[in-house]
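# Summary of structural features
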Amino acid sequence: MSASGRKKLSCNISINDPVSSSSESELIEDEDLDLGVNFSGQLTFNETLGSEDGDDLDDGVEDEGQRSHGASFLSSSQAGLLTVSTVGSWESTSLERRKQARKFKLYDEPDLHQYEDSPPSLSSSKPSFSVTSAKTMKDGHKKFVLYTVAINRNIGSDTSQAIIEKRYSDFLHLHKQLSKTFPQIMENIYFPRKAFTGNFRLQFIAERSRAFEQYLTHIFTSEEIRLSTVYQDFFYAMDIRRAYKLMSENNFQEAIPLLQNASHLQAKLLGEEHPDTVVTFCALVVAYMSIEEGEAHALGYAESAFRIIREAQSSPFKIPLIQTLIGVRWRLNKEKRDLETLLATYVRPGIGPVDMPTLEDLVMQSLSHI
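Quick summary incoming for the structure in this document. Note that this is a predicted model, so its numbers are computed, not measured.

Attention now goes to the nonpolar core. Formed by 80 residues in total, the largest nonpolar core has its most connected members in Y215, L216, I219, F235, Y236, M247 and V363. Among residues more than four places away in sequence, those in contact with V363 are M247, C282, A283, V286 and F317.

The subject of this paragraph is the packing of aromatic side chains. Counted according to the given criterion, the structure contains 13 aromatic pairs. Residues F191 and Y215 carry aromatic rings whose centres are separated by 5.2 Å and whose planes lie at 75 degrees to one another, so their mutual orientation is edge-to-face. Taken together, the residues F191 in the loop between α2 (183–186) and α3 (202–220) and Y215 in helix α3 connect sequence positions 24 residues apart. For the pair F191 and Y215, one class covers both residues: buried.

The strand order β6-β7-β8 describes an open sheet built from 3 strands, whose pairing is antiparallel. Sheet topology places β6 (128–139) and β8 (161–167) at the edges, where each strand pairs with a single neighbour. Neighbouring strand axes in the sheet, compared pairwise and without regard to direction, differ in orientation by 20 degrees on average. As paired elements, β6 and strand β7 (residues 142–152) share 11 bridges and run antiparallel to each other. Looking at β7, one finds that S133 is bridged to T148.

We now examine the packing of helix α8 (residues 295–309) against helix α9 (residues 318–331). Taken N-terminus to C-terminus, the directions of α8 and α9 make an angle of 145 degrees; their axes are 10 Å apart at the nearest point. As for how α8 packs across α9, the hand of that crossing is left-handed. From α8, E295, L299, A302, E303, A305, F306 and I309 reach across to α9, where they touch K318, L321, I322, L325, V328, R329 and R331. The residue makeup of the contact of α8 with α9, split by class, is 9 nonpolar, no polar and 5 charged.

Bringing the environment of I155 into the picture now. For I155, the position within the fold is in the loop between β7 and β8. Beyond its immediate stretch of four places on either side in the chain, I155 contacts A267, K268 and E272.

Along the polypeptide, K318 turns up in helix α9. The class for K318 is buried, based on a relative accessible area of 3%. At 2.6 Å, the side chain of K318 forms a polar contact with the backbone oxygen of R310. Once residues lying within four places of it in the same chain are set aside, the contact partners of K318 are I309, R310, E311, A312, Q313 and Y346.

With that settled, the discussion passes to the packing of helix α7 (residues 275–289) against α9. Two elements in contact, α7 and α9, have axes separated by 12 Å at closest approach and are oriented at 40 degrees. Of the possible angle classes, the one that applies to α7 and α9 is oblique. Once α7 is placed against α9, the crossing between them reads as left-handed. In this structure, α7 uses C282, V285 and M289 to contact α9, whose residues at the interface are L321, T324, V328 and R331.

The next thing to look at is the pattern of salt bridges. Per the counting criterion, the structure on display carries 10 salt bridges. Here R242 and D239 are joined by a salt bridge, their closest N and O atoms 3.7 Å apart. With a gap of 3 residues between them, R242 and D239 both fall in helix α5 (residues 229–248), about one helical turn apart. Its relative accessible area of 24% is what places R242 among the partly exposed residues. Residue classification places D239 among the buried residues on the basis of a relative accessible area of 4%.

Rules used throughout
- Residues numbered from 1 in each chain as written.
- Predicted model: local features only at pLDDT ≥ 70, side-chain atom pairs only at ≥ 80, totals over all residues.
- Heavy atoms only, no water.
- Core = buried A, V, L, I, M, F, W, Y, C linked by side-chain atoms within 4.5 Å.
- Buried < 20%, exposed > 50% of the residue type's maximum accessible area, 1.4 Å probe, protein only.
- Contact = heavy atoms within 4.5 Å.
- Phe/Tyr/Trp six-rings, centres within 6.5 Å; stacked < 30°, edge-to-face > 60°.
- Helix = DSSP H or I, 4+ residues; strand = E, 2+ residues; numbered from the N terminus.
- Pairing = 2+ DSSP bridges.
- Axes fitted to C-alpha atoms, helices over the stretch in contact; angles between N-to-C directions.
- Left-handed = near helix turned anticlockwise from the far one by under 90°.
- Nonpolar A, V, L, I, M, F, W, Y, C, P; charged D, E, K, R; others polar.
- Polar contact = N/O pair within 3.5 Å; in protein donor to acceptor, adjacent residues only side chain to side chain.
- Parallel < 35°, antiparallel > 145°, perpendicular 65-115°, else oblique.
- Salt bridge = Lys/Arg side-chain N within 4 Å of Asp/Glu carboxyl O.

Take a look at the structure:
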C-alpha cells in the first residue's frame, strides 16, 4: 500500500494495561469506519474514534479457502500509534472435492502397522494465544474485522509464532460446531455475542480480541476438542486439503507454503512428535523433491521426520523415509552409510525385493483422509 493511502490517527493508548473482556452481557457494535485498523499488544483505549453508523451487521461465514495467513505486525516503536488504511476486497475461492487416494500394499513386517493405530501424543507444554493485530476489511459492500492470532509455544530452541487470520464468523462457526459436538464441555465456555452496533470501535475490537484469546485458551484444555475435525479445520486442516489438491495436480510449488503453515501450526498445537505433524513433514519432503533445487529443503524436513519416528515400531513411513533420505544424502554428497546399515536390518535374508509403497504414495493416501 502506498504512503498516500495511509492515514495516521492519534489517540491516547496505554500499552501494558490488559483489556478485560466484557461480561456475558451483549457487547455493543457499530459500523463506524470504512478503514483498516491495526494494533499490536494488549491495548487500553482512553478514547474511541467518532464515526457514522453503517448498514451491515457482523460478518457471515465465507467459503473454505478464503482465510489468508499473512500477518503484519507493528514494531515496539510503533505500538503507540495506530495506522489506519483502506483495505481491499476479500477474495474467495471454493475447494473442489478431493481426489480418490492411491491404493497400495503396506510393508508386511510384524512391527509395522497402520500409523493411525498409534495413540496420538500431545506435547506436555501448552501454547498461548494472543491477538496481535486486527484490521477492518471490505468484502464487496460488507465490512468485517480480521483478527490475527499468534500461537506461541517454545519447542526446544524454536521460539517462533504460528499465525492464523480469522474473522468473527470463523470463530462463531467454530463455537457453534463445538457446542453441537461437545455440549457438556462447551456449556460453561463463554463466547462473545454477535452485536448490532459499535463493532468497529477500537475499544470494542480490543475487548473482543481479549475475549477470543481467552476462548481459544479455554477450548485447548480439552483433548477431545483439540483432536476433533472441527478444531483442526479452524487452524490448519483446510490448508492441508488445498495442498493435497495441488499435489494431486502436480502443482507442488504452490502446495509448499500451505504445508509449511500447516506444519508450523501442528507443531505448536499438537507437538512435533504427533503423527499428524510427521505426515505433514513427509508431505513437505515429497513436495520439495518434486521441484527444481528443492532437495536441500527436503533433506531438512526428512531429517526432522526421521528423528521423530526413528524408534517408532508402528510407522509405515519409516522405511520409505529411510530410502528417501539415503537417496537425498547421496545426491547432496552427504554421509549415508548409517542409514544403509539401518535399512539392512529390515531386509530378510534370502528374499527378493519387497513390494513397498513409496513415500509419496503414503503421503498422498494420508492427506486424502484429512
